[in-house]
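Results of the structural survey
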Amino acid sequence: MLIGIPQEPLALVSATPDTVGKLIKLGYDVAVQAGAGEQSNYPDSLYESAGARIVGEDVWQADIITALDVPTPEQRTQLKPGATLIARLAPGRNEELIHELANKNLTSVAMDAVPRISRAQSMDVLSSQANIAGYRAVIEAANTFGRLFTGQVTAAGKVPPAVVYVIGAGVAGLAAIGTANSMGAIVKATDLRPETAEQVESMGAEFVAIQAEAEKSEDGYAKEMTADQAAAAAKLYAEQSAAADIVITTANIPGRKSPVLLTEADVAAMKPGSVIVDMAAANGGNCELTVPGEITVTDNGVSIIGYTDLAGRLPAQASQLYGQNVVNLLKLMTPGKDGELTFDLEDEIVRGITVTKSTIDDATSQPAGATADILWPPPPVKVSAAPAAQGSGPDAGANADTADQLASGNEGETKGKAKAWKLLAVLLGIALILASPMQVAAEYMLLMLAIVVGFYVITAVTHKLHTPLMSETNAISGIILVGAILQVGSSNLVVAGLSFLAIVVASINIFGGFFVTRRMLTMFDGGN
């Protein structure tokens, strides 16, 4: 099948020379519209070197079109029936587009509808682009702010650090937090999902919680606020934005208009010279005064950045990440690496992003006026499993009995294995004692007791402390190292070989333990 890479109105492109080469390895032919990568510093010659053909407007006649966003109406008319369009389609907000694609008998895949599950992370364009946008948001803020982010003490006086407040700790928010923290600012952040507090703090920022009950996210996105949450959040946003030098808002609800988090009154209470970067400007904005695509300055001197192309301001990296997301998706959908796209609608990723599915099959003739099947919206996908509710009705007791039987069987099997291992250990210990000289038997007994005591001591420690505990106690391997050094010069080749191996393994344990400890201490002190 032929994949077409069209020229985009933005500086980005949906495939780079690197990702084109990967698509060709999957068995596809690739055609790139002339000049498609020029603004991202990917000239046509690089695409040709990667194995692509350079074409003109006939790129829209390809079997598969990968684009960044929805093509223009004129471009959509050039798509042939049965073709597949892969792009950010925003299907939740474009019902008319869905019906148009279905009427044209096109298969459409929404790259911005990838479910937030672990297996789909490598295909999630929202995350890859948000990561770049979060970084760029801080750069734009610093440029407009016009002052240092980091605090300094100089001969001319003391310069306080900037205070950055990030609303939303998703991918974009965390990227902004990391960038602002690395530039020396004091960073604070708020998110509706309490489970993000640990992530925020691990990046050196202070998590400012909303004093209202919050539900745990089941799909990876923040839920729409309740009335109590909205009231508590509004109060918190007003207080924190008034004290901050820079406010970065990232709140987006998929398929809906962005919620307003900062009102005109909140902006009026901010300090002159402070900056707001509204990363949700493309969907209406989180600030009441945001003008999409522009920087506005209020009467009290607050600059509001409403750029809608933050990721596009780093076009080379943004294009590469988007193109790699597409490659990862096509790897999933091309299991045979034969250049043939396969739609396995039993796969929750494929089902979740397929908006329309063409009814055209090359092997059969199609009646005139055939339309594609509309598969949007997909069934919900949850990222966190909830315990199954107890059933009711005539089968509830039978199901409960079956579950009890399975649990009992598993518990019995586990206990049986534990007894077998204990018996084996006892027999091995007895064999070692009987086969060894009497003067060594006491050492074997001491070793066995140490193993038992160590097992119960370690298992009694909470899992959260296992890493710091083991990183320190691995230094005990120094005892093994000393013993191995004393024996490495033995005339017995077996003893010398085992001693050398013990030296290597013990050294890895010792230095690895201190390396892990250093990494953890760096994380806890914010990387300073």
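Residues numbered from 1 in each chain as written. Predicted model: local features only at pLDDT ≥ 70, side-chain atom pairs only at ≥ 80, totals over all residues. Heavy atoms only, no water.

In the nomenclature of an unreviewed UniProt entry, the protein corresponds to NAD(P) transhydrogenase subunit alpha from the organism Corynebacterium urogenitale. According to its UniProt record, the protein has this under Subcellular location (unreviewed entry): "Cell inner membrane". (UniProt positions renumbered as here; feature names shortened; annotations may be inferred.)

As a further point, take helix α4 (residues 95-103). Among all positions of α4, only Leu 97, Ile 98, Leu 101 and Ala 102 are buried. Buried residues in α4, looked at end-on, bunch into an arc of 135 degrees, giving them a common side. With respect to the buried face of α4, the exposed residues turned more than 90 degrees away are Glu 95, Glu 96 and Asn 103. Buried residues along α4 sit against α3 (73-76), β5 (84-88), β6 (107-110), β16 (354-357) and β17 (373-374). (Buried < 20%, exposed > 50% of the residue type's maximum accessible area, 1.4 Å probe, protein only. Helix = DSSP H or I, 4+ residues; strand = E, 2+ residues; numbered from the N terminus. Arc of directions from axis to C-beta. Contact = heavy atoms within 4.5 Å.)

Where nonpolar side chains cluster on the molecular surface, the patch consists of Val 488, Val 494, Leu 498, Phe 500, Leu 501, Val 504, Val 505 and Ile 508 and spans about 740 Å² of accessible area. Look at Val 504 and you get partly exposed, because its relative accessible area is 35%. (Patch = residues over 30% accessible without salt bridge, like charges linked within 9 Å, V, L, I, M, F, W, Y side chains within 5 Å. Areas by Shrake-Rupley, 256 points an atom, 1.4 Å probe, with all protein chains shown as cover. Salt bridge = Lys/Arg side-chain N within 4 Å of Asp/Glu carboxyl O.)

One can find Thr 190 in strand β10 (residues 186-190). Looking at Thr 190, the relative accessible area reads 1%, which means it is buried. Taking the C-alpha atoms as reference, Thr 190 lies 5.1 Å from Val 208; in sequence the two are 18 residues apart. Leave out the neighbours within four places in its chain, and Thr 190 touches Tyr 165, Val 166, Ile 167, Gly 168, Ala 169, Phe 207, Val 208, Ile 210, Leu 236 and Tyr 237. One polar contact links Thr 190 to Tyr 165, side chain to side chain, over a distance of 2.7 Å. (Polar contact = N/O pair within 3.5 Å; in protein donor to acceptor, adjacent residues only side chain to side chain.)

Moving on to the nonpolar core. If you look at the biggest cluster of nonpolar residues, it comprises 91 residues, and the most contacted ones within it are Phe 149, Ile 248, Val 277 and Leu 330. Ranked by residues supplied to this core, first place goes to helix α5 (residues 125-145) with nine residues. Split by domain, this core shows at least three residues from each of two domains, domain 1 (2-122 + 315-374) and domain 2 (127-308). Those residues in contact with Phe 149, other than ones at most four positions away along the chain, are Val 138, Ala 142, Pro 161, Ala 162, Val 164, Ala 180, Met 183, Gly 184, Ala 185 and Ile 246. Counting residues in each nonpolar core, the second largest holds 20 residues, with Val 163, Val 247, Ala 251 and Leu 261 among its members. (Core = buried A, V, L, I, M, F, W, Y, C linked by side-chain atoms within 4.5 Å. Domains from an automatic or database assignment.)

Moving on to the packing of α5 against helix α6 (residues 171-182). Between α5 and α6, the shortest axis-to-axis distance is 7 Å and the interhelical angle comes to 35 degrees. When you trace α5 past α6, the crossing you get is right-handed. Contact with α5, carried on its side by Ser 127, Ala 130, Asn 131, Gly 134, Tyr 135 and Val 138, involves Val 171, Ala 172, Ala 175, Ala 176, Thr 179 and Ala 180 of α6 and no other residues of that element. The residue inventory of the contact of α5 with α6, partitioned by class, reads eight nonpolar, four polar and no charged. (Axes fitted to C-alpha atoms, helices over the stretch in contact; angles between N-to-C directions. Left-handed = near helix turned anticlockwise from the far one by under 90°. Nonpolar A, V, L, I, M, F, W, Y, C, P; charged D, E, K, R; others polar.)

A word on the side chain of Thr 249. Residue position: Thr 249 is located in strand β12 (residues 246-249). Residue class for Thr 249 comes out buried when judged on its relative accessible area of 0%. At a separation of 3.3 Å, a polar atom in the side chain of Thr 249 contacts the side chain of Asp 278. In terms of polar contacts, Thr 249 uses its side chain to reach the side chain of Asn 286, at 3.2 Å. Each residue touching Thr 249, except ones within four places of it in the same chain, is listed here: Ile 167, Leu 262, Val 277, Asp 278, Met 279, Ala 280 and Asn 286.

Turning to unusual backbone geometry, a few remarks are in order. Residue Pro 377 is bonded to the preceding Trp 376 through a cis peptide linkage, with omega at 0 degrees. Relative to the elements of secondary structure, Pro 377 occurs in the loop between β17 and α12 (396-435). Here the phi dihedral of Asn 41 falls at roughly 65 degrees; this positive angle occurs in a residue that is not glycine. Relative to the helices and strands, Asn 41 resides in the loop between β2 (29-33) and α2 (44-50). The exposure class assigned to Asn 41 is exposed, which follows from its relative accessible area of 63%. Positive phi is not limited to glycine here, since Ala 90 has a value of about 45 degrees. In this fold, Ala 90 is placed in the loop between β5 and α4.

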